[in-house]
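# Analysis of the macromolecular model
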Amino acid sequence: MTYYIGLVWVEATRGLTSAINPLDKVAEKENLSGVAPRYASNTLEQYVLSFGATLILSTQISADKMHVIPVLVILFVFGRFTFALGYKYYHAHRAFGHMITAFPTVSVYLYCIYNLAITRFGFN
């Protein structure tokens, strides 16, 4: 879903500003056409990682703990939204959104590796 928002952002930026003309030097200097495609690309990359983590986690946890999955999805969407807002104003302001997106994904992968090591390989 957030990937499609990124694509709409790309099209809106190109269609409503001087970035509609790829040969326009003003659009190139203002970097109008550069931010939105990078956001869409980064969102796709983060989505693939998050989807993999969520899929693996869903096989590792019991049914009574499945409430964690919607929380991870909400964190992902919130992180992508704040990442986009930060990226729109200044590239350094995107760190909060990036961490809200990346930290749960990395945590889930680490949990799954830990769970695999404990249950499958007997490291206690």
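Residues numbered from 1 in each chain as written. Predicted model: local features only at pLDDT ≥ 70, side-chain atom pairs only at ≥ 80, totals over all residues. Heavy atoms only, no water.

Here we come to the nonpolar core. Nonpolar side chains in soluble globular proteins tend to end up buried together. Ala53, Leu57, Ile61, Ile69, Leu72, Val108 and Cys112 form the largest nonpolar core, which has seven residues in total. Looking at this core, the elements with two or more residues in it are α3 (35-60), α4 (68-89) and α5 (95-119). (Core = buried A, V, L, I, M, F, W, Y, C linked by side-chain atoms within 4.5 Å. Buried < 20%, exposed > 50% of the residue type's maximum accessible area, 1.4 Å probe, protein only. Helix = DSSP H or I, 4+ residues; strand = E, 2+ residues; numbered from the N terminus.)

Using the criterion set out here, one finds one cavity of 30 Å³ or more in the structure. Roughly 70 Å³ of volume is contained in the largest cavity. Lining the largest cavity we find Ser50, Ala53, Thr54, Leu72, Leu75, Phe76, Ile100, Thr101, Pro104, Thr105 and Val108. Among the secondary structure elements, those contributing two or more residues to the lining of the largest cavity are α3, α4 and α5. Considering each element in turn, the lining of the largest cavity owes the most residues, five residues, to α5. Class assignment for the residues of the lining of the largest cavity results in seven nonpolar, four polar and no charged. (1 Å grid on protein atoms, 1.4 Å probe; cavity = no way out; pocket = protein on both sides within 12 Å on 5 of 7 lines; lining within 4 Å. Points joined across faces, edges and corners; volume = space filled by probe spheres on them. Nonpolar A, V, L, I, M, F, W, Y, C, P; charged D, E, K, R; others polar.)

It is worth spelling out the packing of aromatic side chains at this point. A ring pair, where both rings are aromatic, is described by two values, the distance of the centres and the angle of the planes. With the rule as written, the count across this model stands at four aromatic pairs. Measuring from centroid to centroid gives 6.4 Å for phenylalanine 78 and phenylalanine 96, while their planes differ by 90°, and the two rings are edge-to-face. Pair noted here: phenylalanine 78 is in helix α4 and phenylalanine 96 is in helix α5, with a separation of 18 residues, a long-range link. Each member of the aromatic cluster is reached from another via a ring pair, and the members are Tyr47, Phe51 and Phe76. The ring centre of phenylalanine 83 lies 4.3 Å from the NZ or CZ of arginine 80, which sits over that ring. (Phe/Tyr/Trp six-rings, centres within 6.5 Å; stacked < 30°, edge-to-face > 60°. Lys NZ or Arg CZ within 6 Å of the ring centre and 35° of its normal.)

With that settled, the discussion passes to the side chain of threonine 82. By the element assignment, threonine 82 lies in helix α4. Discounting chain neighbours no more than four positions away, the residues touching threonine 82 are Phe96 and Gly97. (Contact = heavy atoms within 4.5 Å.)

This next bit is on α4. Between its first and last C-alpha, α4 extends 32 Å over 22 residues, near the 32 Å set by a 1.5 Å rise per residue. Of the positions making up α4, those classed as buried are Ile69, Leu72, Phe76, Gly79, Arg80, Thr82, Phe83, Ala84, Gly86 and Tyr87. (Expected span 1.5 Å × (residues − 1).)

On to the confidence of the model for the chain. Looking at the chain as a whole, its pLDDT mean stands at 80, while 69% of the residues score no less than 70. α5 holds the highest mean pLDDT among the elements of the chain, 92, whereas helix α2 (residues 25-30) holds the lowest, 54. (pLDDT = per-residue confidence, 0-100.)

What follows is about the side chain of threonine 43. Here threonine 43 lies in helix α3. Owing to a relative accessible area of 0%, threonine 43 belongs among the buried residues under this scheme.

This part takes up α5. The terminal C-alpha atoms of α5, which comprises 25 residues, lie 35 Å apart, in line with the 36 Å expected from a rise of 1.5 Å per residue. Along α5, the residues that are buried comprise Gly97, Ile100, Thr101, Ala102, Pro104, Thr105, Val108, Cys112 and Asn115.

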